Each structure stands twice: as structure tokens, then as C-alpha cells.
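Observations on chain architecture
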Amino acid sequence: MVNPPDPGRIVPRLNVKFSFDSTFPRVWHHNGLGSTHLWNGLNMLFPEGERFFVRSVNHYLPSLNDAPELRAQVKAFFAQEGKHAREHQDYIELLESQGYVITGFMRAYHRIVWVFIFRSFPPALRLSITAALEHYTAIMGENTLTLGVFADGHPAMRELIEWHAAEEIEHKAVAFDVLQKVAPSYALRVVGMFAGIIALFGLWFAATLTLLRQERGLGWMGIWRELRRAHRKDPVLVRVLWRGLQEYLRPSFHPLDNDNLHLARAHLARFDAPRAEAA
């Protein structure tokens, strides 16, 4: 037996697999439809979003030849994000098997990401958006692991989201460090932050609405009621949006200022232990 991997390192865990079968309930959160579809909507954004992050950072990989440690972290970041995209794509396919019609939304989302944003925005702005949204996913990851956001959810979903959350914390500084190396402009960071949050929260709301509108007998008043109930249970706009802005807009900000890596390492230890034993 050898010692487990250095917990400070970004570790791709490519053998991790989460299974959702036909017994998985349509309403998996105990707080009801609003909370279920709020998080289903976010799940729908992950695969394309993760690919966008990878391609935005990958554009600058040749600029990291003189920074081998950062380059190695970037490669591990790519592996983690690719695995996240695949696992969440499987969940999207489960939603479709449950009867949800999401093809139209996914097509529109794809066009927004790749036609409008990726082709229209300069590479430095795409990287800035990625760094900002990685900060938000790290905040959501911390909330997931400390506030019991998914304690009332189905165990299979809790497993998926908590694993993803922990890895987001683990690699939270990578895109930001690349941005600081290749385009260390505070103005660019601010523009990327606001472009990113408009895209994230706008698309998240649209995805959630796409699902809620397909619930029979709910109607617009019912949708509003479910969204209010979800917000009371988990006020994500307060916990994530405002905190993210306050932290990220500080000129001296760095993702590692928030010392929460121990949360990720503690959660991921159970995935890393079998790797160490096998080695």
C-alpha cells in the first residue's frame, strides 16, 4: 500500500460513476417541485458549461509553457470538468426518459453558448467569464457541503452533486490563475463577472421554468408558488449572488483567500482511498 495522493493536488477521478435508473423519482427533493426543478435546471446547464470552461482555458495553454505547475493543474482541471460534463449528461438523458421535453431549450442554450458567446466574445473575455463562474461554482460547492442544501434530496442526487461540489472547490483557482497570468486586468475581471452572472442566472431561470411549465395543473400561479417555496428553503440569490460579487470585486481577491479546501479533501477522501490501495 502507498500513501494517498497529496490532498493539495487536483486529482482527476475518472472511475467515479453515478447511476440513475427508472426508479429515480420525478420529484426527488422533499421541498417539492420548485426545489427539484431549480436544481434540475442547473444540472441541465452543466455539460455545455463545463465544455465552455475547458475550451476557454485551453485557448491559453501554449502561454503556460513557462509555468509547468499551473499547466499541470490546468490539465487536471480539464479532466475533472470533462468527467462532470459526462455525468450530468447522463442525468439530462434521465430527465428526457421521464417525459420532460427539453430539446428546444438545449438547442437554444447550445446556440447561446457556442454561436453568440464563444464566437462573438474575444478569448480573454471568455476566460474572464470562466474564472468568475468558477468562483460561483466554488461558493455553491461550499454551501452544498456545509449547509445541507441536498440533505432533503434523493441520496443518488446528493452523491452526484456533493462529488461535483467538492471537485469545484478543489480546482477553484485554476481559471483565475490563468487569467491573472495572461490578462491581469481588473476591468476585464469585472466585465467577465457581470457577463457571467447574467448568463448563468438567466439561463438557470429559463431551464427551471422549462421544467416547471411541463407539470400538469401547476399554472403560472403554481409555478410562482413553487419558486417562492424553493427560495425560502434555499435563498440561493442571497447566499451565492451577493456573496460572489462582494468577494470577487475586491481588487486583491484570489480564490484561495477562502480557506475551504479542507471541505473538499474531507469529502473526496473516500474516492481517493481506493485509488491509493490499488496503487
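Residues numbered from 1 in each chain as written. Predicted model: local features only at pLDDT ≥ 70, side-chain atom pairs only at ≥ 80, totals over all residues. Heavy atoms only, no water.

**As for the overall build of the chain**
- Counting secondary structure elements, the chain contains 10 helices and 0 strands.
- Counting from the amino terminus, the chain carries its helices and strands in the arrangement α-α-α-α-α-α-α-α-α-α.
- Here the C-alpha atoms of the chain give a radius of gyration of 19 Å, agreeing with the 19 Å that 2.2 N^0.38 yields for 279 residues.
- Considered along the principal axes of its C-alpha atoms, the chain spans approximately 60 × 50 × 30 Å.
- Across the 279 residues of the chain, 54% fall into the buried class.
- Intrachain contacts of the chain at a sequence separation of at least 6 include 86% that bridge at least 24 residues.
- By element, 58% of the accessible surface of the chain is carried by carbon and sulfur atoms, the whole surface being about 12,900 Å².
- Charged side chains of the chain number 31 positive and 28 negative; the gap between the two group centres comes to 6 Å. (Helix = DSSP H or I, 4+ residues; strand = E, 2+ residues; numbered from the N terminus. Rg over C-alpha atoms; globule rule 2.2 N^0.38 Å. Buried < 20%, exposed > 50% of the residue type's maximum accessible area, 1.4 Å probe, protein only. Contact = heavy atoms within 4.5 Å. Areas by Shrake-Rupley, 256 points an atom, 1.4 Å probe, with all protein chains shown as cover. Lys, Arg positive; Asp, Glu negative; His and termini not counted. Charge placed at Lys NZ, Arg CZ, Asp CG, Glu CD.)

**Quick notes on the nonpolar core**
- Ranked by size, the top nonpolar core spans 82 residues in total, and within it W39, M44, L45, V74, Y136 and W204 carry the most contacts.
- What L45 contacts, discounting residues up to four positions off in sequence, is F105, Y109, L200, L203, W204 and A207.
- Residues L33, L209, L212 and L218 belong to the second largest nonpolar core, which totals 5 residues. (Core = buried A, V, L, I, M, F, W, Y, C linked by side-chain atoms within 4.5 Å.)

**So, helix α8 (residues 219-233)**
- In a regular helix each residue adds 1.5 Å, so 15 residues correspond to 21 Å; α8 covers 21 Å between its end C-alpha atoms and thus fits that length.
- In this structure, the buried residues of α8 make contact with α1 (33-58) and α7 (186-212). (Expected span 1.5 Å × (residues − 1).)

**Notes on the UniProt feature "transmembrane region" (unreviewed entry) in the chain**
- The sites that UniProt annotates as "transmembrane region" (unreviewed entry) are residues 186-212.
- Span residues 186-212 is 100% helix and 0% strand, its end C-alpha atoms 39 Å apart. (UniProt positions renumbered as here; feature names shortened; annotations may be inferred.)

**Some details on the environment of N40**
- Examined against the element boundaries, N40 turns out to sit in helix α1.
- Put simply, N40 and M157 are 117 residues apart on the chain and 9.9 Å apart in space, counted from C-alpha to C-alpha.
- Dropping the residues within four chain positions of it, N40 is found in contact with W28, Y91, L95, M157 and L211.

**Some remarks on the packing of helix α4 (residues 123-146) against helix α6 (residues 174-182)**
- Between α4 and α6, the least distance of the axes is 8 Å, while the angle of their chain directions is 145 degrees. Both α4 and α6 take part in a crossing whose hand is left-handed. Contacts from A124, L127, S128, T130, A131 and E134 in α4 reach A175, F176, V178, L179 and V182 in α6.
- Per-class residue counts for the contact of α4 with α6 are 8 nonpolar, 2 polar and 1 charged. (Axes fitted to C-alpha atoms, helices over the stretch in contact; angles between N-to-C directions. Left-handed = near helix turned anticlockwise from the far one by under 90°. Nonpolar A, V, L, I, M, F, W, Y, C, P; charged D, E, K, R; others polar.)

**Let's talk about the packing of α4 against α7**
- The N-to-C vectors of α4 and α7 enclose an angle of 60 degrees; their axes lie 7 Å apart at closest approach. By the angle class used here, α4 and α7 are oblique. By crossing handedness, the relation of α4 to α7 is classed as right-handed. Contact residues: A124, L125, S128, I129, A132, L133, Y136 and M140 in α4; L188, R189, V191, G192, M193, A195, G196, I197, L200 and W204 in α7.
- Considering only residue class, the contact of α4 with α7 consists of 14 nonpolar, 3 polar and 1 charged. (Parallel < 35°, antiparallel > 145°, perpendicular 65-115°, else oblique.)

**Examining the packing of aromatic side chains**
- As enumerated under the stated definition, the model contains 19 aromatic pairs in all.
- Ring geometry for F105 versus Y109: centroids 5.9 Å apart, planes at 20 degrees, classification stacked. Highlighted residues: F105 and Y109, both in helix α3 (residues 103-120), separated by 4 residues, approximately one helical turn.
- Under the relative-accessibility criterion, F105 is labelled buried at 11%.
- Residue Y109 is classed as buried on the basis of its relative accessible area, which comes to 4%.
- When the centroid spacing of 5.4 Å and the interplanar angle of 90 degrees are considered together, the rings of F176 and F253 count as edge-to-face. (Phe/Tyr/Trp six-rings, centres within 6.5 Å; stacked < 30°, edge-to-face > 60°.)

**Some words on the pattern of salt bridges**
- Throughout the structure, instances matching the rule amount to 14 salt bridges.
- Between D272 and R13 there is a salt bridge whose closest N-O contact spans 2.8 Å. Here the residue D272 occupies a position in helix α10 (residues 261-278), and R13 occupies one in the segment before α1, the gap between them amounting to 259 residues. Residue D272 shares its accessibility class with R13, and that shared class is buried.
- Its salt-bridge partner being R26, residue E215 comes within 3.7 Å of it at the nearest N-O pair. On the criterion of sequence distance, the pair formed by E215 in the loop between α7 and α8 and R26 in the segment before α1 is long-range, its members being 189 residues apart.
- Overall, the relative accessible area of 12% leaves E215 in the buried class.
- The class of R26 is partly exposed, set by a relative accessible area of 33%. (Salt bridge = Lys/Arg side-chain N within 4 Å of Asp/Glu carboxyl O.)

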